Amino acid sequence: MPVTDTLTRPLKDLRISVLDRCNLRCTYCMPEESLHARGVFLRPHYLLSDGEIELLVRVFAGLGVHKVRLTGGEPLLRPGFVELVSRISAIEGITDLALTSNAILLPRHAEALKKAGLGRITVSLDSLDESVFRIMAGDRGSVKEVLDGIEAAELAGFKHLKINTVVQRNINDHTIMDLVAHFRHSGHTVRLIEFMDVGNVNNWNRELVLPSADLLKTIHDRWPLHPVAEQPVGETARRYAFNDGAGQIGFISSITEPFCGDCSRARITADGVFYSCLFSAKGTVLRDRIRDGLGADEMTEVIRELWTRRADRYSELRSHLPRHQQHVEMYRMGG
Ligand code: SF4
């Protein structure tokens, strides 16, 4: 029997941030001027160990989770990450193991990750225009490094990558059509993400949000699209297919078309705090309970109880809530 919350949403997906460090400083996540960007990251002792992550994934698998997404910061910066992937991929019940990465370190790790049992990769890429890329990545990294990472993933056998692109009005919206054109016929799916008020340091302003409906119209006028019929319940993106067979494109519209109704995602931060929503302000510390000797059976009851009383639907309520709600930082939560 799946565990369901107060809105009868089943617990199905687990997102684990395995590290809060990153080699980029994306303005919508960890802008350079934010305190954290000055390098005040969690020291190794505070991070969940591989064994603690494995225990937690086993507990969630026992509660019906089959999909695990590893996020960060930048997960590939975590020492021994490939070994962690092979431990998680071996857990009974986990049938879908995915990674979200900025791809810069993929040339070094893609093959080993494939052998370790990683199933899917989502790459963050906000523009193919080098200067726009640098503006959004905090003057770090390059388009070439990300494209080399995507190529390394392809050579290692990863197919149908998702390409996550955060769209900001007057920042990168004028470069979106080039990015869409680049990935048509590639087998990869670009997912255009409305700029969200995640965390507390990304200077979010609704004026900077370009509604997906506007982008959809612009793209459809250039390359006619039709909605993809079969879309799994709980998927964050609304997907469309190009009429000319060039593939698909997705829209993640948390601001203008919230999708809390079937949100089945639990999240754990790199230091072992459980959150039931991307926009949560308050979480439950699990790491210290493990270190105090709590076993898998007791942890199972803790998680069951947390999910059963879950009622989050921030995106649906956003416009009715007072502004400047406190949220956990995106680089801690991992998206
Ligand atoms: S706002 Fe929270 S409840 Fe709604 S879809 Fe996002 S994570 Fe789920």
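Up top is the structure.
Residues numbered from 1 in each chain as written. Predicted model: local features only at pLDDT ≥ 70, side-chain atom pairs only at ≥ 80, totals over all residues. Heavy atoms only, no water.

Any chance you could explain the overall build of the protein chain here in plain terms?
Along the protein chain, the regular secondary structure elements total eleven helices and twelve strands. For the protein chain, the C-alpha radius of gyration of 19 Å lies close to 20 Å, the compact-globule estimate for 335 residues. Counting only C-alpha atoms and orienting by the principal axes, one finds that the protein chain spans roughly 55 × 45 × 40 Å. Counting every position in the protein chain, which comprises 335 residues, the buried fraction comes to 55%. Counting contacts in the protein chain only where the partners sit at least 6 residues apart, residues at least 24 apart contribute 72% of the total. Per element, the accessible surface of the protein chain, about 14700 Å² overall, is 53% carbon and sulfur. Measuring between centres, the 42 positive side-chain charges of the protein chain sit 1 Å from its 43 negative side-chain charges. (Helix = DSSP H or I, 4+ residues; strand = E, 2+ residues; numbered from the N terminus. Rg over C-alpha atoms; globule rule 2.2 N^0.38 Å. Buried < 20%, exposed > 50% of the residue type's maximum accessible area, 1.4 Å probe, protein only. Contact = heavy atoms within 4.5 Å. Areas by Shrake-Rupley, 256 points an atom, 1.4 Å probe, with all protein chains shown as cover. Lys, Arg positive; Asp, Glu negative; His and termini not counted. Charge placed at Lys NZ, Arg CZ, Asp CG, Glu CD.)

Can you help me understand the site of the ligand in this one?
Inspection of the region around the ligand gives 13 residues, with C260, C263, C277, L278 and S315 positioned closest. At the level of secondary structure, the elements contributing two or more residues to the shell around the ligand comprise β10 (265–268) and α10 (314–317). When grouped by side-chain class, the residues that make up the shell around the ligand number seven nonpolar, one polar and five charged. (Near = heavy atom within 4 Å. Nonpolar A, V, L, I, M, F, W, Y, C, P; charged D, E, K, R; others polar.)

Got a minute to help me understand the sheet that holds strand β2 (residues 67–71) in this structure?
Note on sheets: strands pair through backbone hydrogen bonds, and any given pair is parallel or antiparallel. Strand order in this open sheet of twelve strands is β7-β8-β9-β6-β5-β4-β3-β2-β1-β10-β11-β12, and the pairing throughout is mixed. Each end of this open sheet is capped by a strand with a single partner; those strands are β7 (225–227) and β12 (284–285). Pairing of strand β8 (residues 238–242) with strand β9 (residues 248–252) involves four bridges; the strand directions are antiparallel. Bridge assignment links R239 to a residue of β9, and that residue is G250. (Pairing = 2+ DSSP bridges.)

So what exactly am I meant to see when it comes to helix α9 (residues 296–308) here?
Because each turn of an α-helix spans 3.6 residues, side chains separated by three or four positions end up pointing in the same direction. For α9, spanning 13 residues, the distance from its first C-alpha to its last is 18 Å, which sits close to the expected 18 Å at 1.5 Å a residue. Turning to α9, its buried residues are M299, T300, V302, I303, L306 and W307. One side of α9 carries all its buried residues, which in axial view fall inside an arc of 165 degrees. The inward-facing, buried residues of α9 abut α1 (50–62), β10, β11 (273–275), β12 and α8 (287–291). (Expected span 1.5 Å × (residues − 1). Arc of directions from axis to C-beta.)

What should I look at first to understand empty space enclosed by the protein in this one?
Throughout the structure, instances matching the rule amount to three cavities of 30 Å³ or more. Elements represented by at least two residues in the lining of the second largest cavity include exactly α6 (176–183) and β9. Considered class by class, the residues forming the lining of the second largest cavity number five nonpolar, two polar and one charged. (1 Å grid on protein atoms, 1.4 Å probe; cavity = no way out; pocket = protein on both sides within 12 Å on 5 of 7 lines; lining within 4 Å. Points joined across faces, edges and corners; volume = space filled by probe spheres on them.)

Quick question: what am I supposed to make of the nonpolar core here?
In globular proteins that are soluble, nonpolar side chains generally tend to be buried together. Counting residues in hydrophobic clusters, the biggest one holds 108 residues, and the most contacted among them are I219 and I249. Residue contributions to this core peak at six residues, all from α1. Sequence-distant contacts of I219, defined by excluding residues within four places in its chain, comprise M177, V180, L192, L225, F242, I249 and F251. (Core = buried A, V, L, I, M, F, W, Y, C linked by side-chain atoms within 4.5 Å.)

Please explain the environment of P10 as it appears in this structure.
Of note, P10 is situated in the segment before β1 (13–17). On the basis of relative accessible area, P10 is assigned to the partly exposed category, the value being 27%. Between the alpha carbons of P10 and L106 there is a distance of 33 Å; along the sequence they are 96 residues apart. With sequence-adjacent residues up to four places away left out, P10 is seen in contact with P2, V3, T4, S264 and W307.

Sorry, what's going on with the packing of aromatic side chains here?
Any two aromatic rings considered together are summarised by their centre-to-centre distance and by the angle between their planes. A full pass over the atoms with the stated rule returns four aromatic pairs. A ring pair is formed by W223 and F242, whose centres lie 6.3 Å apart and whose planes are at 90 degrees; its orientation type is edge-to-face. Note that W223 is positioned in the loop between α7 (212–222) and β7 and F242 in strand β8, a separation of 19 residues in sequence. As far as the burial class goes, W223 and F242 line up, both buried. (Phe/Tyr/Trp six-rings, centres within 6.5 Å; stacked < 30°, edge-to-face > 60°.)

Got a minute to help me understand a negative patch on the surface in this structure?
Negative charge collects at one region of the surface, where D129, E130, E145 and D178 lie side by side. Mapped onto the elements, E145 comes out in helix α5 (residues 143–155). (Patch = residues over 30% accessible without salt bridge, like charges linked within 9 Å, V, L, I, M, F, W, Y side chains within 5 Å. Salt bridge = Lys/Arg side-chain N within 4 Å of Asp/Glu carboxyl O.)

Teacher, can you tell me more about the pairing of strand β3 (residues 96–101) here?
Of all six residues in β3, six are buried, a share of seventy percent or more. Burial along β3 is two-sided: D96, A98 and T100 and L97, L99 and S101, pointing in opposite directions, are all buried. With four bridges connecting them, β2 and β3 associate as parallel partners. Considered in β3, the bridge of V68 is made with L97. Handedness of the β2-helix α2 (residues 81–89)-β3 crossover: right-handed. With four bridges joining them, β3 and strand β4 (residues 120–124) adopt parallel strand pairing. Bridging from a neighbouring strand, S101 pairs with V123 of β4. Handedness of the β3-helix α3 (residues 106–116)-β4 crossover: right-handed. (Right-handed = clockwise from strand over helix to strand, strands pointing away.)

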